[in-house]
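Structural overview
Take a look at the letters that make up each chain.
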Amino acid sequence: MAEVAQYYQTGKRKTATARVWLRPGTGDIKVNGRAFADYFPLETHRALIQEPLRLANLLGQYDVLATVRGGGISGQAGALRHGIARALLEVDASLRPVLKQAGLLTRDPRVKERKKYGQKKARKRFQYSKR
């Protein structure tokens, strides 16, 4: 039996990590064993995740199987998007300029700044009292 082509990549965003497997199929997306629309109920997150496939004109041609952990729902959506974009490069390296132009291959470095001692939050101070 012939081995079906399968592409694997990892995507990251904030503290979320997504392990993504891409294989030729009908466009079915499963996240942590659940349906795509079930795991990401917001349309904005679903559009964000499908962006790499849409830009590559491959929407509906590849099945996506993903495992995401860590972070919140938005971080997980960003990590999944990053993983799909990186996996598409393994499928076809000529997609690089299109995905790079859209900024999908760059790992977003923004993370929450740590809280400092003697302050309320990372930058917010306690209220100053003169008297």
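Refer to the structure printed above.
Below: a short report on this structure.

Some remarks on the overall build of the chain
- Secondary structure summary: the chain contains four helices and five strands in total.
- Each helix and strand of the chain, ordered N terminal to C terminal, gives the series β-β-β-β-α-α-β-α-α.
- For 131 residues, the compact-globule formula gives about 14 Å, and the C-alpha radius of gyration of the chain, at 19 Å, lies well above that figure.
- Taken over the C-alpha atoms alone, the chain extends approximately 80 × 30 × 25 Å along its principal axes.
- Taken across its 131 residues, the chain has 33% of its residues classed as buried.
- Taking the contacts inside the chain whose residues are at least 6 apart along the sequence as the reference set, 66% of them involve residues at least 24 apart.
- Counting every atom, the chain has about 8700 Å² of accessible surface; 51% of that belongs to carbon and sulfur.
- Of the charged side chains in the chain, 27 are positive and 10 negative; the average position of the first set lies 19 Å away from that of the second.

Topic: the side chain of Arg13
- Position of Arg13 relative to the elements: it lies in strand E1 (residues 7-13).
- Non-local contacts of Arg13, meaning those with residues more than four positions away in its chain, are made with Gly75, Gly78, Ala79, Arg107, Asp108 and Arg110.

Observations regarding the nonpolar core
- One finds Val31, Phe40, Leu80, Ile84 and Leu88 to be the most contacted residues of the largest nonpolar core, which totals 29 residues.
- Elements with a minimum of two residues in this core: strand E2 (16-24), strand E3 (29-31), helix H1 (36-39), helix H2 (43-55), strand E5 (62-69) and helix H3 (73-91).

Focus: the packing of aromatic side chains
- What the rule picks out here adds up to three aromatic pairs.
- Ring geometry for Tyr8 versus Trp21: centroids 5.0 Å apart, planes at 45°, classification tilted. Placement of Tyr8 in strand E1 and of Trp21 in strand E2 is noted, with a sequence separation of 13 residues between them.
- Classification of Tyr8 as partly exposed rests on a relative accessible area of 35%.
- An angle of 70° between the planes, with centres 5.0 Å apart, marks the rings of Tyr39 and Phe40 as edge-to-face.
- Here Phe40 falls in the buried class, since its relative accessible area comes to 0%.

Analysis parameters
Residues numbered from 1 in each chain as written. Predicted model: local features only at pLDDT ≥ 70, side-chain atom pairs only at ≥ 80, totals over all residues. Heavy atoms only, no water. Helix = DSSP H or I, 4+ residues; strand = E, 2+ residues; numbered from the N terminus. Rg over C-alpha atoms; globule rule 2.2 N^0.38 Å. Buried < 20%, exposed > 50% of the residue type's maximum accessible area, 1.4 Å probe, protein only. Contact = heavy atoms within 4.5 Å. Areas by Shrake-Rupley, 256 points an atom, 1.4 Å probe, with all protein chains shown as cover. Lys, Arg positive; Asp, Glu negative; His and termini not counted. Charge placed at Lys NZ, Arg CZ, Asp CG, Glu CD. Core = buried A, V, L, I, M, F, W, Y, C linked by side-chain atoms within 4.5 Å. Phe/Tyr/Trp six-rings, centres within 6.5 Å; stacked < 30°, edge-to-face > 60°.

Nothing here speaks to function; it is all geometry.
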